[in-house]
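Chain by chain, the residues run as shown.
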Amino acid sequence: MTTHNDYIPDAIEAVNAWELPEEEWRQAVIDQAHLMAGDQLEPSADLAINSPYLPLQF
């Protein structure tokens, strides 16, 4: 079964092109990997991260 971890290398490549500040880069990679894996990034009480990218829908 494929998980978001399998998409980390591709997510790194994509996020590097965005020229984000260093403090936002890590979370952007994680969020992008989730999107590539088809995971839903809906905010919920169970979600332990706070990211400005969570409400983005493509």
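Now for a quick tour of the structure. (Residues numbered from 1 in each chain as written. Predicted model: local features only at pLDDT ≥ 70, side-chain atom pairs only at ≥ 80, totals over all residues. Heavy atoms only, no water.)

Once that is clear, we can look at the overall build of the chain. For the chain, the count of helices and strands is two helices and zero strands. Here the chain holds 58 residues, and 22% of them are scored as buried. Within the chain, counting contacts between residues at least 6 apart in sequence, those at least 24 apart form 35% of the total. Only carbon and sulfur atoms are counted for the fraction: they give 52% of the accessible area of the chain, which is about 4,400 Å². (Helix = DSSP H or I, 4+ residues; strand = E, 2+ residues; numbered from the N terminus. Buried < 20%, exposed > 50% of the residue type's maximum accessible area, 1.4 Å probe, protein only. Contact = heavy atoms within 4.5 Å. Areas by Shrake-Rupley, 256 points an atom, 1.4 Å probe, with all protein chains shown as cover.)

The next thing to look at is the nonpolar core. By size, the foremost hydrophobic cluster in this structure holds five residues: A11, V15, A28, V29 and A33. Secondary-structure elements contributing two or more residues to this core are α1 (8-16) and α2 (22-37). Broken down by element, the residue count for this core peaks at three residues, all from α2. V15 has contacts with L20, W25, A28, V29 and Q32, leaving out every residue within four places of it along the chain. (Core = buried A, V, L, I, M, F, W, Y, C linked by side-chain atoms within 4.5 Å.)

Two elements in contact, α1 and α2, have axes whose closest approach is 8 Å; the angle formed by their N-to-C orientations is 125°. Classed by the angle they form, the pair α1 and α2 counts as oblique. Crossing of α1 against α2: the hand is right-handed. Only W25, A28, V29, Q32, A33 and M36 of α2 make contact with α1, whose side of the interface consists of I8, D10, A11, I12, A14, V15 and N16. (Axes fitted to C-alpha atoms, helices over the stretch in contact; angles between N-to-C directions. Parallel < 35°, antiparallel > 145°, perpendicular 65-115°, else oblique. Left-handed = near helix turned anticlockwise from the far one by under 90°.)

By the secondary structure assignment, E13 is in helix α1. A relative accessible area of 61% means that E13 is categorised as exposed. Sequence separation of E13 and V29 is 16 residues, and the distance between their C-alpha atoms is 8.9 Å.

This part takes up α2. Along its 16 residues, α2 runs 24 Å from first to last C-alpha, staying within 8% of the 22 Å computed at 1.5 Å per residue. Listed as buried for α2 are Q27, A28, V29, D31, Q32, A33 and H34. Looking at the buried side of α2, the elements it contacts are α1. The first or second residue beyond α2 is G38, which carries a positive phi of 85°. (Expected span 1.5 Å × (residues − 1).)

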